[in-house]
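Summary of structural features
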Amino acid sequence: MKETNEGLQKSFGLRMAIIMVMSAIIGTGVFKKVAPMSEGLLSPSLVMLVWALAGVVILFGVLSIGELGAMFPASGGAFYWLEKTYGKVVAFLYGWSCFTVIQTAAIASVAYVFAGALGTFFTLPHLSPHLESITIFGIIQPLDNIGAKIITSLMIILLTFINIKGTKKGGNLSQIFTYTIVLSILLIVAFSLSSSVGSIENLSTNSTSYPPSGFATSFGFLGIMVIAMRNAFWGYEGFIALGFIGEELREPRKNMPRAMLGGILMITLIYLLANFAYLYVMPIDELIASLQADKNLIAAVVVVNKVFGTGGAYVVSAMILVSTFGCTNATILLSSRIYYAMGKDNMFFKDAGKTHPKHHTPHKSLIYQCIWACVLVFTGSFDLLTDLVVIAGFLFYGLVVFGVIILRVRKKDIFRPYKTWGYPIVPLVFVAVCIVLMVVSFIQSPVKAAMGMLLIFTGLPFYYYWKAKNKRLKAQELLDIKTVD
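Just so it is clear, the model here is predicted, and its values are computed rather than measured.

Examining the overall build of the chain
- In terms of regular secondary structure, the chain is built from 19 helices and zero strands.
- Put simply, of all contacts in the chain between residues at least 6 apart along the chain, 83% involve residues at least 24 apart.
- Within the structure as shown, the chain displays about 20,800 Å² of accessible surface, and the carbon and sulfur contribution to it stands at 67%.

This is how it looks when you write it as structure tokens:
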């Protein structure tokens, strides 16, 4: 059977689109980010405020990009929107960044957390200390924690195979796991709030380390709030992903903004309930002490242990298995559409833009993504890579949302099925937050930020290579036509 250029099938209605938004976002942040946020803010009310503010900022982003999604409901989402706004170079650098690090490293790291949670129930194999200590370039340890890496890779391969077999199969899998994890979180919230070990006073009692007159300076307080919001934003990572499957949505001009808005509102509510429950059960000083004793603390484990007694690690590990499996699956499904769009646009490996003749899925795009994600797993350096390009994420998100304003000026007459509510204030607030986050990142970690930007621009030689190749092919086609004539 030959590959086809027929395109992708319209497999998702509104309900499934909302499920895909939620599945792509709910990963590990809801279980563990409350602890480092508490350590920085020293106040339960501030922790809740930051979660709420982060939700509002992401909502502003979604309200903005919904306009782009309704105008241009094509596969690739942000890649396509950036091309329409800024041209092919910026769009390519975004797509390249997603392939080399942003999306593939997200797949690798979330799947790796799945393997770690599985280690709670089974002892994973290890090699000898000598073999595990072998390094490449002094930082990469390909044989370290080999059992977890093998499981991670097998999981990525399995989910890639499922998504090659059919988009609906991948979507249905996300649906099952999303319902399961949401129900599990709500049950923990219900048991926590009805437990006798919690107290509403815990939510209004600051840490004993909290400065009596507040934080030293307004700048110091702003810096602490920004760092805390970065932690919260990790919990919302993936909010832009629905745009990647615009071509596969039924009635995308209506359903894309509705699904984005509905999904984010539901996730924000779930996050607020979960963190309210954590802080209801755990006095903030107790939570901070637990984190200082174990930097790898999963806050939900401590809370569940306190509510149910020992065994909380098993309960929460099972929940993490469900959430990370669902999140990995959704990220694999959604992200592959970026490289499919790039392939169709002759800005990537050309066969990445082909669809499977039977299943109508971007199978080559999925395979390329799978291979590179597995490579990142065995480099063991994906956590470093995601740290390096977090600023790139803020950069591209800001550019995408600012594109709403640019297109309003440049293309006034184009049909807009949905218009951003609160324009231009809503997109400008989101862009301003992105700028602040980037500035803080450069001030805090200038070397990492510079390395991250350098990594993004490694895509330029590939861009000009594919551009030159396309010119040669077009020239050859014209020559062939003239020869026939």
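Concerning helix α12 (residues 284-293)
- Inspection of α12 places Ile 284, Leu 287, Ile 288 and Leu 291 among the buried residues, and these make up the whole buried set. The buried residues of α12 occupy an angular sector of 95 degrees when projected down its axis, which confines them to one face.

Describing the side chain of His 363
- Relative to the elements of secondary structure, His 363 occurs in helix α15 (residues 363-379).
- Classification of His 363 as buried rests on a relative accessible area of 8%.
- At 3.2 Å, the side chain of His 363 and the backbone nitrogen of His 356 are in polar contact.

Concerning the packing of aromatic side chains
- Tallied over the entire structure, the rule returns 25 aromatic pairs.
- Ring geometry for Phe 239 against Tyr 397: centres 5.1 Å apart, planes inclined by 65 degrees, an arrangement best described as edge-to-face. Here Tyr 397 lies in helix α16 (residues 382-410) and Phe 239 lies in the loop between α10 (218-236) and α11 (252-281), a separation of 158 residues in the sequence. This pair shows no difference in class: Phe 239 is buried, exactly as Tyr 397 is.
- An angle of 85 degrees between the planes, with centres 5.4 Å apart, marks the rings of Phe 349 and Trp 466 as edge-to-face.

Some details on helix α5 (residues 78-86)
- Taken as a whole, α5 has its buried residues at Ala 78, Phe 79, Trp 81, Leu 82, Glu 83 and Thr 85.
- Gly 87 occupies a position one or two residues after α5 and carries a positive phi of about 105 degrees.

Structural notes on the packing of helix α8 (residues 146-165) against α15
- Close contact between α8 and α15 brings their axes to 10 Å; oriented N to C, the two are set at 175 degrees. By the angle between their axes, α8 is roughly antiparallel relative to α15. Here Ile 146, Lys 149, Ile 150, Thr 152, Ser 153, Ile 156, Ile 157, Thr 160, Asn 163 and Ile 164 of α8 come into contact with α15, specifically with His 363, Leu 366, Ile 367, Cys 370, Ala 373, Cys 374, Val 377 and Phe 378.
- When the residues that make up the contact of α8 with α15 are grouped by side-chain class, the tally is 12 nonpolar, five polar and one charged.

Focus: the nonpolar core
- Ranked by size, the top nonpolar core spans 146 residues in total, and within it Phe 31, Trp 81, Ile 156, Ile 185, Phe 239, Ile 240 and Tyr 271 carry the most contacts.
- Contact partners of Phe 239, with chain neighbours within four places excluded, come to Ile 25, Ile 58, Val 62, Ile 65, Ile 264, Tyr 397 and Phe 430.

Points about the side chain of Asn 231
- Relative to the elements of secondary structure, Asn 231 occurs in helix α10.
- Residue classification places Asn 231 among the buried residues on the basis of a relative accessible area of 16%.
- In this structure, Asn 231 is in contact with Lys 33, Pro 36 and Met 37, ignoring residues within four places of it in sequence.

Quick word on the confidence of the model for the chain
- Per-residue pLDDT for the chain has a mean of 82; in total, 89% of the residues score no lower than 70.
- By mean pLDDT, the top-scoring element of the chain is helix α4 (residues 44-71) (91), and the lowest-scoring one is helix α7 (residues 129-132) (74).

Examining unusual backbone geometry
- Residues Tyr 423 and Pro 424 are joined by a peptide bond in cis, for which omega reads 0 degrees.
- Along the chain, Pro 424 turns up in the loop between α16 and α17 (425-444).
- For Leu 42, which is not a glycine, the phi torsion comes out positive at approximately 60 degrees.
- Following the sequence through the fold, Leu 42 ends up in the loop between α3 (34-41) and α4.

Some remarks on the environment of Phe 121
- Its location among the elements puts Phe 121 in the loop between α6 (88-118) and α7.
- Residue classification places Phe 121 among the partly exposed residues on the basis of a relative accessible area of 35%.
- In sequence terms Phe 121 and Ser 317 are 196 residues apart; their C-alpha atoms lie 8.5 Å from each other.
- Contacts of Phe 121, omitting those with residues within four sequence positions, involve Tyr 314, Ser 317, Ala 318 and Leu 321.

Details of the pattern of salt bridges
- This model, assessed by the stated rule, comprises seven salt bridges.
- The salt bridge involving Arg 416 is made with Glu 67; its shortest N-O contact spans 3.0 Å. Here Arg 416 is found in the loop between α16 and α17, whereas its partner Glu 67 is found in helix α4, with 349 residues between them in sequence.
- Under the relative-accessibility criterion, Glu 67 is labelled buried at 1%.
- Between Lys 88 and Glu 83 there is a salt bridge, and its shortest N-O distance comes to 2.9 Å.
- Taking the relative accessible area as the measure of exposure, Glu 83 reaches 18% and is therefore buried.
- Salt bridges linked by common partners bring Glu 67, Arg 408 and Arg 416 together as one network.

Observations regarding the packing of α4 against α11
- One way to put it is that α4 packs onto α11 with a least axis distance of 8 Å and a crossing angle of 170 degrees. One finds that α4 runs roughly antiparallel with respect to α11.
- Of the residues that constitute the contact of α4 with α11, the class distribution is 22 nonpolar, five polar and one charged.

Concerning the environment of Phe 221
- Its place among the elements puts Phe 221 in helix α10.
- When its relative accessible area of 29% is taken as the criterion, Phe 221 is described as partly exposed.

Definitions and limits used
Chains are numbered independently. Their residues run from 1 in the order of the written sequence. Reporting of local features is limited, given that this is a predicted model, to residues whose pLDDT is at least 70; pairs of side-chain atoms are given and counted only at 80 or more, and all residues count toward the totals for whole chains, interfaces and linings. Computation of side-chain values covers all heavy atoms of the structure but excludes hydrogens and water. Under the scheme used here, helices are H or I runs from DSSP no shorter than 4 residues and strands are E runs no shorter than 2 residues, and both carry numbers assigned from the N terminus. Contacts are assigned to residue pairs with any non-hydrogen atoms lying within 4.5 Å of each other. The protein chains shown are the only cover counted for residues, whose accessible areas, like all others here, come from Shrake-Rupley with a 1.4 Å probe. Each residue's exposure class comes from its accessible area (1.4 Å probe, protein chains only) as a fraction of the maximum for that residue type: buried when under 20%, exposed when over 50%, partly exposed otherwise. This arc describes the spread of directions from the helix axis toward the C-beta atoms. Any N or O atom pair separated by 3.5 Å or less is treated as a polar contact, with the protein-specific requirement of one donor-capable and one acceptor-capable atom, and with residues adjacent in sequence counted only for side-chain atom pairs. Aromatic rings from Phe, Tyr and Trp, with only the six-membered ring used for Trp, were paired whenever their centres fell within 6.5 Å, and each pair was classed as stacked if the ring planes differed by under 30 degrees, edge-to-face if by over 60, and tilted otherwise. Working convention: axes come from line fits to C-alpha atoms, limited for helices to the stretch in contact. Angles between N-to-C directions cover 0 to 180 degrees. Roughly parallel refers to an angle under 35 degrees, roughly antiparallel to one over 145, roughly perpendicular to one between 65 and 115, and oblique to any angle outside these ranges. Note on residue classes: Ala, Val, Leu, Ile, Met, Phe, Trp, Tyr, Cys and Pro are nonpolar, Asp, Glu, Lys and Arg are charged, and everything else, Gly too, is polar. The definition of a nonpolar core used throughout is a set of buried Ala, Val, Leu, Ile, Met, Phe, Trp, Tyr and Cys residues joined through side-chain atoms within 4.5 Å. A residue's pLDDT is simply how confident the predictor is in it, with values from 0 to 100. For this analysis, a salt bridge means a side-chain nitrogen from Lys or Arg found within 4 Å of a carboxyl oxygen belonging to Asp or Glu.

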